[in-house]
Structures are given as structure tokens and as C-alpha cells.
Amino acid sequence: MRDILPAEKSRRERVLTVIRDRYRAHGFDEIETPVMEEYARLHAGIGGDNEKLAFNVMKRGLDAEAIRAAADSPASLTDLGLRYDLTVPLARYYASHRAELPTVFRAIQIAPVWRAERPQKGRYRQFMQCDIDIIGDASSRAEAELIVASLDTLDALELTGASVRINDRRALIWMLESFGFSETERPGVLITIDKLDKVGADGVVAELRSREATAPAVDAFEIFLNREHAVDGGGFGDQQIRGMLPPGAPDEIVDHLVSLGAAVASARPGADVPLVFDPFLVRGMGYYTGTIFELAHPSVTYSLGGGGRYDGMIGRFLGQEVPAVGFSIGFERIVDLVDSQDSTDALAVVIVHDRDVPTAELLAAKSALVADGVRVRLEQRTKNLKGLLERAASDGYRQFATLQAGQAPDTLDLKPLS
């Protein structure tokens with residue numbers, strides 16, 4: 001968890017403004033949910049490994065005897081927890097307010113979340129998530145809207161050239177079935193497959209054998225991993241997708257992916273379809289039920305966001321199934337990439353004054369500029385004027401003026417800071 005200094009805070013807010021504006025331009029509406037949710041909801045088995053990273057809130061009023069009695073049961077000590085993502089709160093929100101919301105609800109959530117992570121570059125214990133979700137639309141149009149809005153947002157941040165890796169959890173399950181993995185071992189197999197980028201095909205096969213997964217299934221999977229692709233991986237059509245799956249892939253899944261690609265292509269005419277089918281994309285969240293995707297950019301090796309379809313989650317709160325799909329941009333990672341963007345304000349002025357200038361005159365001069373839409377900071381002159389002005393420039397100010405006692409506000413001479 002970090003303190004944010006003024007210049008960094010200004011830059012973060014500018015990036016957030018672009019993200020929020022682009023999301024709204026695509027028809028999404030912003031909501032807000034509490035930072036805490038009920039413990040049982042956060043630990044319902046749908047948050048994957050994130051549930052293990054949740055910060056839990058101890059029940060109020062427990063005495064020493066009650067704490068000792070419940071020491072072996074964390075669930076008995078806590079009733080609330082800080083949200084570890086924005087999807088679980090959204091599902092609860094929709095279940096609570098469904099009657100007040102449109103049939104197809106397009107939501108924006110931009111807010112901090114908390115996880116007991118091991119801190120490292122781009123990964124913090126408190127961080128900002130920028131989510132868009134569509135609830136109530138089971139068609140591929142929902143995924144297409146999310147992808148187009150997310151790519152448009154990166155374009156607006158001048159991070160052009162992004163692409164989206166796409167798979168479908170149903171395709172993954174079908175693929176494991178076709179190889180011969182039993183239903184009980186599939187979750188563990190998916191965890192191992194998710195390491196493919198890190199350990200390679202040989203590492204994945206070795207781990208599956210060490211887990212004593214069904215031997216013939218591992219053999220079939222190894223052959224598939226080492227095969228020569230029948231079709232070049234480029235493109236996102238029926239032939240390309242089937243060429244990257246075992247023979248006999250279900251038409252329903254392939255047709256869904258192809259229609260998604262066609263929809264995205266129609267929204268970005270004249271450009272290559274920025275979609276890449278990845279049959280081994282897993283994403284670890286246990287609540288995904290269909291399409292899953294990750295946002296990639298050529299400047300980095302890690303993903304800049306991701307999401308997927310989670311049709312089963314809201315039903316846990318509402319008692320009936322509701323289709324839902326979401327996309328989250330990795331704000332902390334994106335901020336690092338747009339670090340070179342100009343975060344200064346052309347209408348930002350520092351008024352440098354001597355100690356003897358009356359407060360009334362200072363505020364009159366400041367208010368006159370503020371009324372014209374200028375951002376103004378008052379600074380008393382110091383011996384190291386150069387250092388004062390350099391600090392102001394680093395905080396986003398572009399101009400300065402000196403003010404002496406008795407000087408009229410309209411006579412200020414604005415000069416550039418650099």
C-alpha cells in the first residue's frame with residue numbers, strides 16, 4: 001500500500017479521466033459499491049486463489065474468551081472483508097437492485113481493491129481496478145462491446161497496437177475431455193496448463209506426470225502440444241480456430257468465437273482484427289463459464305487486463321441464472337506505460353510573492369486568475385528561487401509570475417517555467 005505524491009496523483013487522475021470518458025462514450029454507467037462485503041460472500045468458492053488473499057475484518061466486541069474459543073476457525077472471528085475484486089460486489093449489487101436497472105445493464109466500476117499479495121513491481125496490496133461489465137446479454141455482442149471499448153481506451157491513452165488473446169472455458173473442458181482427463185482431475189490439470197508460458201510444453205507435461213494424472217490423457221495432450229499446426233495461427237476465422245483445437249471441436253463454441261471476431265472487426269474497419277485465439281489461455285478465476293480474454297501490448301510481456309463470462313455467479317445471489325461478462329483493465333500497469341505522457345496543465349500558474357504582500361492582495365490576485373479558469377498556487381519567495389520553480393514545474397505548473405505589495409492583479413507578467 002502506497003502514499004501517492006501530488007505529481008503522481010495528478011498523472012493517475014488524468015489516466016483515470018481518459019478511461020472513464022471512453023467507457024462512458026461506449027454506453028456504460030458508473031456505479032459505486034462499499035469497500036467491504038460479507039465474509040461468506042467473499043469466501044463462497046468463486047474467487048479462486050484471491051479468496052486466500054482477502055483481508056478479513058474481525059467481529060466487533062469480541063472478548064478474549066470468545067477469541068480463544070474461535071482461534072481455530074477464522075470464519076468464526078470475522079463477518080466482513082475488504083473486497084479483493086469488483087466482480088463479486090457487482091453480482092451482489094445487481095441482485096439487490098435488479099428491479100431498478102435496465103434489462104441489459106452496462107456497468108463501470110473504478111475503485112480500489114485489496115489483496116494480501118507479495119508486493120512487487122506492478123503488484124500491490126491496494127490497487128485500482130477499472131472494470132466494465134455487461135449483465136443480461138448472453139450473446140457474443142456483449143463480449144464484442146467490452147473488447148472494442150477496452151481497445152478504444154488503450155488507443156486514447158496512445159497505447160496503440162494492443163491485441164486480445166481469447167479462449168473459451170467450454171473449449172478447455174471439451175479439450176480435456178477429448179484427451180481423456182477425468183472430471184475430478186481437470187481443475188488441477190488447468191492449473192498446470194496455466195503455467196505453459198512459464199515452464200513450456202515439457203514442463204507442463206512433466207508436472208502432469210508428477211501429479212499422476214491419467215497417463216493416456218497426458219500422452220494425448222503431449223502429442224497435441226508438440227504437433228505441427230494444420231493452419232497458421234494468424235486470423236480469427238473458423239478455419240484458424242479449428243486448426244488450433246483437436247479435431248471435432250463443438251460448432252457452438254467455434255461459431256460463438258467467430259461471430260465475436262466478426263463483430264470486433266466491424267468496429268475497427270481498415271485494421272487487422274486484434275484478436276488472437278489461444279487454446280491454452282486459462283485464467284484462474286473459478287467463476288468463468290465461457291469466453292475468457294487477456295489484453296496484450298507489444299511493449300510488455302505481461303497482460304494489461306482481462307476478463308470473461310461468468311454466467312453462474314449472479315444466480316448464487318438471485319436464485320436464477322443471469323448472463324454476465326466483464327473486462328478489467330490493469331490500471332497500475334497501464335499507468336507505468338503512459339509515464340511519458342505530458343501531465344502538466346497549460347493553465348497552471350505559480351504566483352511568487354514577497355513576505356510583505358498583504359493576504360488580501362494575494363487572494364485578490366489569485367481569485368482573478370481562478371475566475372478565468374487558471375489553476376493557481378501561492379508561493380512565498382525563497383532564497384533558492386530556482387529550486388522553488390523546479391518543484392512547481394514537477395507538480396504540473398507551466399507558468400509563474402511575481403507579485404509585489406500594491407501591485408494590481410491585471411499587471412501580472414506570466415512567464416514560462418521552462
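Structure report, in brief.

Note on placement: D202 falls in helix 9 (residues 196-210). Along the primary structure D202 and R381 are separated by 179 residues, whereas in three dimensions their C-alpha atoms are 67 Å apart.

Bringing the side chain of E185 into the picture now. Here E185 shows up in the loop between helix 7 (169-179) and helix 8 (186-193). This buried residue, E185, is left without a salt bridge; R186 holds the nearest opposite charge, at 7.0 Å. In this structure the side chain of E185 is engaged in a polar contact, spanning 2.6 Å, whose partner is the side chain of T214. Apart from residues no more than four positions distant in its own chain, E185 is found in contact with G180, A213 and T214.

Judged by how many residues are buried, strand 9 (residues 291-296) sits mostly within the fold: five of six residues are covered. In this structure, strand 7 (residues 163-168) lies alongside strand 9, joined through six bridges in antiparallel fashion. Opposite D168, over in strand 9, you have T291 as the bridge partner. Examined bridge by bridge, strand 9 and strand 10 (residues 305-309) share four bridges and lie antiparallel to one another. Bridge pairing links I292 to G308 in strand 10.

Ranked by internal contacts, the top residues of the largest apolar core, which has 91 residues, are C130, I147, I166, F181 and F221. A total of eight residues in this core trace back to one element, the largest contributor, which is helix 6 (residues 140-156). Ignoring sequence-local partners within four residues, the contact set of I147 consists of V164, I166, L260, V264, L275, F293 and F327. In this structure, V349, L369, A401 and L403 belong to the second largest nonpolar core, which totals 11 residues.

Before going further, it helps to examine the sheet that holds strand 1 (residues 29-30). Spatially, the eight strands line up as an open sheet ordered 1-5-6-11-10-9-7-8, and their pairing is mixed. In this open sheet, the two edge strands, each paired with only one partner strand, are strand 1 and strand 8 (275-277). Judged from the 10 bridges that link them, strand 5 (residues 105-114) and strand 6 (residues 126-135) form a sheet pairing that is antiparallel. Pairing of A107 across the sheet is with D133, part of strand 6. Packing against the sheet, helix 7 makes contact with strand 7 and strand 9, and its axis sits at approximately 50° to strand 7.

The full count for this structure, using the stated rule, is 33 salt bridges. Of the charged contacts, one joins R20 and E30 as a salt bridge, the two residues approaching to 2.8 Å between their closest N and O atoms. With a gap of 10 residues between them, R20 in helix 1 (residues 6-25) and E30 in strand 1 connect regions that are remote in the sequence. For R20, a relative accessible area of 24% corresponds to the partly exposed category. Exposure remark for E30: the relative accessible area of 33% places this residue in the partly exposed category. The partner of R106 in a salt bridge is E145, and the shortest N-O contact between them spans 2.8 Å. Here R106, found in strand 5, pairs with E145, found in helix 6; they are 39 residues apart in sequence, far enough to count as distant. A residue is classified by how much of its surface remains accessible, and E145, at 21% relative accessible area, is partly exposed. One network of salt bridges, in which partners are shared, links R165, D197, D278, R283 and E294.

Reading the values: the criteria
- Residues numbered from 1 in each chain as written.
- Predicted model: local features only at pLDDT ≥ 70, side-chain atom pairs only at ≥ 80, totals over all residues.
- Heavy atoms only, no water.
- Helix = DSSP H or I, 4+ residues; strand = E, 2+ residues; numbered from the N terminus.
- Buried < 20%, exposed > 50% of the residue type's maximum accessible area, 1.4 Å probe, protein only.
- Lys, Arg positive; Asp, Glu negative; His and termini not counted.
- Salt bridge = Lys/Arg side-chain N within 4 Å of Asp/Glu carboxyl O.
- Polar contact = N/O pair within 3.5 Å; in protein donor to acceptor, adjacent residues only side chain to side chain.
- Contact = heavy atoms within 4.5 Å.
- Pairing = 2+ DSSP bridges.
- Core = buried A, V, L, I, M, F, W, Y, C linked by side-chain atoms within 4.5 Å.
- Axes fitted to C-alpha atoms, helices over the stretch in contact; angles between N-to-C directions.

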